Amino acid sequence: MLINRAFFRDYWQKKPLVLRNAVNLPETHPGKEALFSLAGDENIESRLVLEHGERPWEVHFGPFTSAELEALPNSGWTILFQDMDKHLPEVGSLLEQFRGMPRWRIDDIMISYAVDKGSVGPHTDEYDVFLIQASGKRLWRIDTDPEADRSLVANLDMKILQHFEAEQELLLEPGDMLYLPPGIAHHGVALDTGMTWSIGMRAPSAADLFQAFGEWLAEERGEGPRYTDPPLTARNESALLDAPAITRFCNLAAGELAFDGPFAEFLGHFLSRYRLAHEPAPPEEALDESTLRTALRDGAVLRQNPWTRMLWIRINTQAAVFAAGKRYACSEETAAALCDPQRLAHVSEGLRDRAIVCDLLNDGHLYLEREP
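The text that follows walks through the structure, step by step, so that each part is easy to find. (Residues numbered from 1 in each chain as written. Predicted model: local features only at pLDDT ≥ 70, side-chain atom pairs only at ≥ 80, totals over all residues. Heavy atoms only, no water.)

## Focus: the packing of aromatic side chains
Then, in step 1: In the structure shown here, the tally under the stated rule is 20 aromatic pairs.
Then, in step 2: Ring geometry for F266 versus F270: centroids 5.4 Å apart, planes at 20°, classification stacked. Of this pair, F266 and F270 both sit in helix 8 (residues 263–271), separated by 4 residues, roughly a single helical turn.
Then, in step 3: Residue F270 is classed as buried on the basis of its relative accessible area of 11%.
Then, in step 4: Following the ring pairs from residue to residue traces out a cluster consisting of F7, F8, W12, F98, F130 and Y179. (Phe/Tyr/Trp six-rings, centres within 6.5 Å; stacked < 30°, edge-to-face > 60°. Helix = DSSP H or I, 4+ residues; strand = E, 2+ residues; numbered from the N terminus. Buried < 20%, exposed > 50% of the residue type's maximum accessible area, 1.4 Å probe, protein only.)

## Some remarks on the nonpolar core
Then, in step 1: Counting residues in hydrophobic clusters, the biggest one holds 40 residues, and the most contacted among them are W77, F81, F98, F130, W197 and I199.
Then, in step 2: Only helix 2 (32–39), strand 2 (46–52), strand 4 (77–81), strand 5 (106–114), strand 6 (129–135), strand 9 (177–180) and strand 11 (194–201) provide two or more residues apiece to this core. (Core = buried A, V, L, I, M, F, W, Y, C linked by side-chain atoms within 4.5 Å.)

## Focus: the packing of helix 9 (residues 289–297) against helix 12 (residues 354–362)
Then, in step 1: Two elements in contact, helix 9 and helix 12, have axes whose closest approach is 9 Å; the angle formed by their N-to-C orientations is 90°. Classed by the angle they form, the pair helix 9 and helix 12 counts as roughly perpendicular. In this structure, helix 9 uses E289, L292 and R293 to contact helix 12, whose residues at the interface are R354, A355, V357, C358 and L361.
Then, in step 2: Looking at the contact of helix 9 with helix 12 residue by residue, the classes come out as 5 nonpolar, no polar and 3 charged. (Axes fitted to C-alpha atoms, helices over the stretch in contact; angles between N-to-C directions. Parallel < 35°, antiparallel > 145°, perpendicular 65-115°, else oblique. Contact = heavy atoms within 4.5 Å. Nonpolar A, V, L, I, M, F, W, Y, C, P; charged D, E, K, R; others polar.)

## Focus on the sheet that holds strand 7 (residues 138–143)
Picture the strands of a sheet paired through backbone hydrogen bonds; they go either parallel or antiparallel.
Then, in step 1: With antiparallel pairing, the 3 strands of this open sheet are ordered in space as 8-7-10. Edge positions in the sheet fall to strand 8 (168–172) and strand 10 (185–190), since each has one partner strand and no second. In this sheet, adjacent strand axes meet at a mean angle of 20° when their direction is disregarded.
Then, in step 2: Note that strand 7 and strand 10 share 6 bridges and pair antiparallel. Paired with W140 across the two strands is G188, which belongs to strand 10. (Pairing = 2+ DSSP bridges.)

## Description of the pattern of salt bridges
Then, in step 1: Within the structure shown, the criterion is met by 17 salt bridges.
Then, in step 2: The partner of E169 in a salt bridge is R141, and the shortest N-O contact between them spans 3.6 Å. In this pair, E169 sits in strand 8 while R141 sits in strand 7, placing the two residues 28 residues apart along the sequence.
Then, in step 3: Each of D83, D85 and K86 takes part in one network of salt bridges that share partners. (Salt bridge = Lys/Arg side-chain N within 4 Å of Asp/Glu carboxyl O.)

## A word on helix 7 (residues 243–257)
Then, in step 1: Taking 1.5 Å of rise per residue, 15 residues should cover 21 Å, and helix 7 covers 21 Å from first to last C-alpha, within 8% of that figure.
Then, in step 2: The backbone nitrogen of A245 lies 3.0 Å from a side-chain oxygen of the residue at the head of helix 7, namely D242. (Expected span 1.5 Å × (residues − 1). Polar contact = N/O pair within 3.5 Å; in protein donor to acceptor, adjacent residues only side chain to side chain.)

## Some thoughts on unusual backbone geometry
Then, in step 1: A cis amide bond links G62 to the next residue, P63, at an omega of 10°.
Then, in step 2: The backbone phi angle of W57 is positive, close to 50°, even though this residue is not glycine.
Then, in step 3: Residue position: W57 is located in strand 3 (residues 56–61).
Then, in step 4: Relative accessible area serves as the criterion here: at 10%, W57 is assigned to the buried category.
Then, in step 5: At R275, a residue that is not glycine, the phi angle is positive and equals roughly 60°.

## Some words on the environment of T228
Then, in step 1: Mapped onto the elements of the fold, T228 is located in the loop between helix 6 (206–221) and helix 7.
Then, in step 2: Once the C-alpha coordinates of T228 and R248 are considered, the two residues, 20 residues apart in sequence, prove to be 8.0 Å apart.

## Quick word on the side chain of H123
Then, in step 1: When you line up the elements, H123 lands in the loop between strand 5 and strand 6.
Then, in step 2: Classification of H123 as buried rests on a relative accessible area of 15%.
Then, in step 3: A distance of 2.8 Å separates the side chain of H123 from the backbone oxygen of G121, its partner in a polar contact.
Then, in step 4: The contact partners of H123, leaving out residues within four places of it in the chain, are K159, L161, I184, A185 and H186.

Put into structure tokens, the structure is as follows:
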């Protein structure tokens, strides 16, 4: 298994790691023709990065026409495709090799298709990333110096580091993987035509959390408790916000952030929606428990909608599944099964909490895959 206790102990959010020939790539995956076709799809987020266009480091957003792609030079460009794990099941199957990772932390698999000398420039990411070489060769140069200058080149379409001095170089070939913690400066350059698949990890900032939490509190719970004064006495410095008042404000906020308070439920709503690209669509016809039971008995398999995000939380000794921001109360056994794609596929008609399963199906978070 790629992700194990030793990895978390020695490398996770600590230092880079290279694993040679460690990833089992799908037997079939998209090549140039398929990717160029995807680049013309308006439903797919794609970006073209030119290092030497009309100005340095240009970025253009898709969809792109065949004529535009065929007119590209022989070197110095890259096309990036987001959410390929949702669009292409064969790419999404790669995530099964990362079962040791909390699934709610995984954002997407991005495919980077680059020709010779193609790159997106030296930069840093504010999240963990696994860089997997799927075809061709790419030379990665990295700098782990926490004191290095991380200022950006001005007036560019992209965040490119103004100063970058690599402390090591790593050549990745098909099947090799490079893990990078947040904040590590890196620069990957294609040595020939090839693909790099990157697994990005969701990492909301404190600003993301507090802004979303305040909005959620106001919508779900009203104004909540309000600041109150301790016994007051007349004072000379009437405009001073003193330490006791600041402490009471801290306690007011901390009360909402307590483990047994609303914050845990908010996290379920927030993280299951964070960076959600599409809203799950319900089926054309609603299913009831009888229909579900019959379908499972006849060999149908439950699957997660690849565009939804599901996780579960224990809240006050009870379990709840959260899918794309919506809460579904159920047993721990059901929650654990529903949120694990492998276990979900082996759920039978004897599953408890079938009403919850029907709700998830009718809201578009699950679907039934029937035998042809």
